[in-house]
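The lines below spell out each chain.
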Amino acid sequence: MATIIKNPNNEKGISYRFRAYLGKTELGKQITRYTTWYAPSDLTPTKAERAALKAAAEWEKQVKAEYEQDLKDPARVKAREIDRTKTDFSDFIQNVWFPLCVCDGEHKHTTIEFYRHITNKISEYFDDKILQKITSLQIQEYIIYLRTAYKTKQGKALSDKTIRHHYCVLTLIFGFAIEQELIIKNPMDKVECPKLAKKKVEAFTQEQAEVFFSLLPKCSIDFRCMLYLLITTGLRRGELLGLQWGDIDFDNLTIEIKRNVTYTKRKGIVVDTPKTENSNRIIPLLSVVAELLKQYKREFHLFSQTNTFVFPSDKGNTIPKDPNAITRKVKNFMKRNGLPELSPHDLRHSCATLLLNNGADIKSVQEILGHSDASTTLNFYVKSDLLHMKNATNKLAAAFGL
């Protein structure tokens, strides 16, 4: 029977304190539950006492039943604890998830800055929200906001790819919250991943490439070397600027990719390892490009060491150029000459497309580009036009005498 203690009368009326004894812990400590019961205001003291006895009996029965369920299912207890927790979502992102899962020594600084940019946007939108209370609907509303209302500083809408990045970061954040037992259910489970519209690869056609090559002799020799390397080797912008003279084997006409140069406002110019494990590679160098590089070295870097950069900054040959400056220079060159305004990365696309269109096999192109999987090369660069399709059907006809 629950213990019933009448509280002193106050402005709230007649009330009783109930106490139920449920058992003992392993250490012998009593397990009790308490509650306060208020009598209806229209009851006399005698009727209130009888009502209290009845209410205490019902309450005791209820708490004992719940306690028995807790013993059989400890997860119920954990769920109640989580439900009572109130974790500031923005604080959790910036001061728990980001330091532990992003700034963990395993991510490159460009990846860290990428996550920082996205998490700042997420934190701003969900400011003052509680982690445990965020719902799937609220996250879906955020995705819709990014797609329909949000604009960059330049007044542009976000691309489908960027919106998907936000979705993926949210998935990582809530997945970590589940691992740490801060939430019971993952709201991302009911949020559909944003779809990506298939983006056309920007690359030169065969005719545009011929015009491009015809213009290169007019460029300064250092810029000419850069453009030749970008379109004939498929180097990434950062890989190009990470080249040192010791990476070029003029005897065997190869280049070894060992470095990648990036730039962020927070870190400035950083020389790091290539993008992925497969990005460390040895690729062929055309003899005409090798001769051009030798001429460039004789004229401007005759006494350069093997560990100095092929394309150094004005601050010295141990510091590479700014990748963003190269992008601007390439785009200005394209615009000035009436070509599609391709970036250095688009020249990488052009290299792959031209190689494939001129008979190179998929595996070789995959190795040159440093793709970890041939499917990446296939998905991005292999496409058919009417001429290719006609040639394919003509080959079938020839094979069977049709």
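Preceding this section is the structure that the text describes.
Below, the structure is looked at part by part.

Calculation rules
Here the residue numbering is sequential within each chain, running from 1 through the sequence in written order. Local features in this predicted model are restricted to residues whose pLDDT is 70 or higher, and side-chain atom pairs enter the listing and the counts only when it is 80 or higher, whereas totals over whole chains, interfaces and linings include all residues. The basis for the side-chain values is all heavy atoms of the structure; hydrogens and waters are excluded. Only rings of Phe, Tyr and Trp enter the pairing, Trp through its six-membered ring, and a pair is recorded when the two centres are within 6.5 Å. The plane angle decides the type: under 30 degrees is stacked, over 60 is edge-to-face, the rest tilted. For the exposure calls, accessible area comes from a 1.4 Å probe over protein chains only, and a residue counts as buried if that area is under 20% of its type's maximum, exposed if over 50%, partly exposed in between. Criterion for a charge above a ring: Arg CZ or Lys NZ at most 6 Å from the ring centre, at most 35 degrees from the ring normal. In this analysis, strands are considered paired if DSSP registers two or more bridges between them. In this text, helices come from DSSP runs of H or I with a minimum length of four residues, and strands from runs of E with a minimum of two, each type numbered from the N-terminal end. Angles here are taken between N-to-C directions and fall from 0 to 180 degrees, while the axes themselves are lines fitted to C-alpha atoms, restricted in helices to the stretch in contact. Contact between two residues is taken to exist if any of their heavy atoms lie within 4.5 Å; hydrogens are not considered. In this text, buried Ala, Val, Leu, Ile, Met, Phe, Trp, Tyr and Cys residues form a nonpolar core when linked through side-chain atoms within 4.5 Å.

Quick look at the packing of aromatic side chains
Applying the stated criterion to the full structure yields 22 aromatic pairs. Relative to Phe212, the ring of Phe204 lies with its centre 5.1 Å away and its plane at 45 degrees, an arrangement referred to as tilted. Taken as a pair, Phe204 and Phe212 share a single burial class, namely buried. Ring pairs connect the aromatic residues Phe89, Tyr125, Phe126, Tyr142, Tyr145, Tyr150 and Phe174, which therefore count as one cluster. The ring of Phe223 has Lys329 sitting right over it, with the charged end atom 4.7 Å from the ring centre.

Some thoughts on the sheet that holds strand β2 (residues 15-24)
Read from one edge of the open sheet, three strands run β1-β2-β3, paired in antiparallel fashion. Each end of this open sheet is capped by a strand with a single partner; those strands are β1 (3-6) and β3 (30-38). Going from strand to strand, the sheet's axes swing by 20 degrees on average, the running direction of each strand aside. One ladder, built from four bridges, connects β1 with β2; its direction is antiparallel. Looking across to β2, one finds that Lys6 is bridged to Tyr16. Relative to β2, helix α1 (residues 45-72) is tilted by about 30 degrees, and along the sheet it contacts β1, β2 and β3.

What about unusual backbone geometry?
For Asp128, which is not glycine, the phi dihedral falls at a positive 70 degrees. Looking at where Asp128 falls in the secondary structure, it is placed in the loop between α4 (109-125) and α5 (136-148). Even without being a glycine, Glu181 presents a positive backbone phi close to 60 degrees. Following the sequence through the fold, Glu181 ends up in the loop between α6 (160-179) and α7 (206-215).

A closer look at the nonpolar core
Most often, soluble globular proteins have nonpolar side chains that are buried together. One finds Phe212 and Leu229 to be the most contacted residues of the largest nonpolar core, which totals 41 residues. Mapped by element, the contributors of at least two residues to this core are α7, α8 (221-233), α9 (237-241), β5 (254-257), α10 (287-300), α11 (323-336) and α12 (344-357). Ranked by the residues each element gives to this core, the list is headed by α8, at nine residues. Excluding its chain neighbours within four sequence positions, the residues that come into contact with Phe212 are Phe204, Leu227, Ile231, Phe333, Met334, Leu339 and Leu347. Counting 30 residues, the second largest nonpolar core, distinct from the first, contains Ile112, Phe126, Ile173 and Ile183.

Section: the pairing of strand β10 (residues 316-320)
Here strand β9 (residues 312-313) pairs with β10 via two bridges, running antiparallel. Bridge assignment links Ser313 to a residue of β10, and that residue is Gly316. If you look at the hairpin formed by β9 and β10, you'll find two residues sitting between the two strands.

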